[in-house]
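What follows is the residue order along each chain.
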Amino acid sequence: MDAAHLPYPATIGVLLAGGLARRMGGGDKALRLIGGQTLLARATARLAPQCAGLIVNADGDPARFAGLGLPVVPDTLPDHPGPLAGVLAALDWVRHHRPGHDWVVSVPTDAPFLPRDLVARLHQARIAAGTPLACAGSGGRVHPVVGLWPVALAERLRHALTVEEERRVGRFAALQGVAAAEWASEPLDPFFNLNRPEDLAAAEAALAATPDA
């Protein structure tokens, strides 16, 4: 992935694949199929052209994601404390492995219709608002897990997770200062996420009706 052509600061993408998928029946939700493609592969294809590199955040055996050829970065905190821990793991990884890159964008792997202009519009939103963070919004809702994070925030986030026991992504982001970039939710919400088996069926139907979604 060549970041030279991108009109915003080089940004590393983290695909958050560490959820326990209890409502989906357990297992790796990121490896469920839609349109003959895993959710993880679909998210990778959406995000890769927008980023200077990608990593996968997931605990357990990294070999199950080997087909994508991406670094698999586990949480650095125990007991599955949620997506904020995945963001922290990504910020730490970038600091050590990609010095000179100051931004991370996080996305859940259970959102199969991520926008192709996601990273550009998140950067535009935080610049316009003068905030250090940005997240996505659609249909009157914000999606803080779909967010843009400065690598310099790592120690503040670590303190929030380990000392303040913060687990809510939206609350933590709001305390730092976050702008929302808005997308239309019709005809298809780009942040529609899959939590239950029936959501997979709905996503398949949406893909059949809108093949370029």
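In this report, the structure presented in the accompanying data block is examined. (Residues numbered from 1 in each chain as written. Predicted model: local features only at pLDDT ≥ 70, side-chain atom pairs only at ≥ 80, totals over all residues. Heavy atoms only, no water.)

### Some words on the overall build of the protein
Here is step 1 of the chain: Broken down by element type, the protein carries six helices and nine strands.
Here is step 2 of the chain: Here the C-alpha radius of gyration of the protein, 16 Å, is about what a compact globule of 213 residues would show, namely 17 Å.
Here is step 3 of the chain: Each principal axis of the C-alpha distribution contributes one length, and for the protein these read about 40 × 40 × 35 Å.
Here is step 4 of the chain: Counting all 213 residues of the protein, 51% fall into the buried class.
Here is step 5 of the chain: Here the analysis covers contacts within the protein between residues at least 6 apart in sequence; of these, 71% occur between residues at least 24 apart.
Here is step 6 of the chain: With an accessible surface of roughly 9600 Å², the protein has 55% of that area assigned to carbon and sulfur atoms. (Helix = DSSP H or I, 4+ residues; strand = E, 2+ residues; numbered from the N terminus. Rg over C-alpha atoms; globule rule 2.2 N^0.38 Å. Buried < 20%, exposed > 50% of the residue type's maximum accessible area, 1.4 Å probe, protein only. Contact = heavy atoms within 4.5 Å. Areas by Shrake-Rupley, 256 points an atom, 1.4 Å probe, with all protein chains shown as cover.)

### Considerations on the sheet that holds strand 4 (residues 53-57)
Here is step 1 of the chain: Taken in spatial order, the seven strands of this open sheet run 5-4-1-6-8-7-9, and their pairing is mixed. Of all strands in the sheet, those bounded by a partner on one side alone are strand 5 (72-73) and strand 9 (178-183).
Here is step 2 of the chain: Of the pairings in the sheet, the one linking strand 1 (residues 11-16) to strand 6 (residues 103-108) comprises six bridges and is parallel in character. The residue bridging Gly-13 from the neighbouring strand is Val-105, located in strand 6.
Here is step 3 of the chain: Here helix 2 (residues 83-97) sits on the sheet in contact with strand 1, strand 4, strand 5, strand 6 and strand 8 (141-150), set at roughly 145 degrees to strand 1.
Here is step 4 of the chain: Sheet contacts for helix 3 (residues 118-129): strand 1, strand 6, strand 7 (133-138), strand 8 and strand 9; angle to strand 9, the most-contacted strand, approximately 135 degrees. (Pairing = 2+ DSSP bridges. Axes fitted to C-alpha atoms, helices over the stretch in contact; angles between N-to-C directions.)

### Brief notes about the packing of helix 2 against helix 4 (residues 154-162)
Here is step 1 of the chain: The geometry of helix 2 relative to helix 4 is characterised by a closest axis approach of 10 Å and an angle of 145 degrees between their N-to-C directions. Once helix 2 is placed against helix 4, the crossing between them reads as left-handed. Residues Leu-84, Ala-85, Val-87, Leu-88, Leu-91, Asp-92 and Arg-95 of helix 2 form the contact with helix 4, whose own contacting residues are Ala-154, Glu-155, Leu-157, Arg-158 and Leu-161.
Here is step 2 of the chain: For the contact of helix 2 with helix 4, the per-class residue count stands at eight nonpolar, no polar and four charged. (Left-handed = near helix turned anticlockwise from the far one by under 90°. Nonpolar A, V, L, I, M, F, W, Y, C, P; charged D, E, K, R; others polar.)

### A short note on the pattern of salt bridges
Pairs can form between side chains of opposite charge whenever their charged atoms are close.
Here is step 1 of the chain: Summed over the entire model, instances satisfying the criterion amount to nine salt bridges.
Here is step 2 of the chain: In this structure, the salt-bridge partner of Asp-110 is Lys-29, at a minimum N-O distance of 2.8 Å. You can see Asp-110 sitting in the loop between strand 6 and helix 3 and its partner Lys-29 sitting in the loop between strand 1 and strand 2 (33-34), a full 81 residues away along the chain. Grouping residues by exposure puts Asp-110 and Lys-29 together as buried. (Salt bridge = Lys/Arg side-chain N within 4 Å of Asp/Glu carboxyl O.)

### So, the packing of aromatic side chains
Here is step 1 of the chain: Evaluation of the coordinates by the stated rule reveals two aromatic pairs.
Here is step 2 of the chain: Ring geometry for Trp-149 versus Phe-172: centroids 6.4 Å apart, planes at 25 degrees, classification stacked. Linking Trp-149 in strand 8 with Phe-172 in helix 5 (residues 169-176), this pair joins segments that are 23 residues apart in sequence. In this structure, Trp-149 and Phe-172 share a single accessibility class: buried.
Here is step 3 of the chain: An angle of 80 degrees between the planes, with centres 5.3 Å apart, marks the rings of Trp-183 and Phe-191 as edge-to-face. Take Trp-183 and Phe-191: they sit in the same class, and that class is buried.
Here is step 4 of the chain: A cation sits over an aromatic face here: Arg-121 above Trp-183, 4.2 Å from the ring centre. (Phe/Tyr/Trp six-rings, centres within 6.5 Å; stacked < 30°, edge-to-face > 60°. Lys NZ or Arg CZ within 6 Å of the ring centre and 35° of its normal.)

Taken by themselves, the reported measurements are silent on function.
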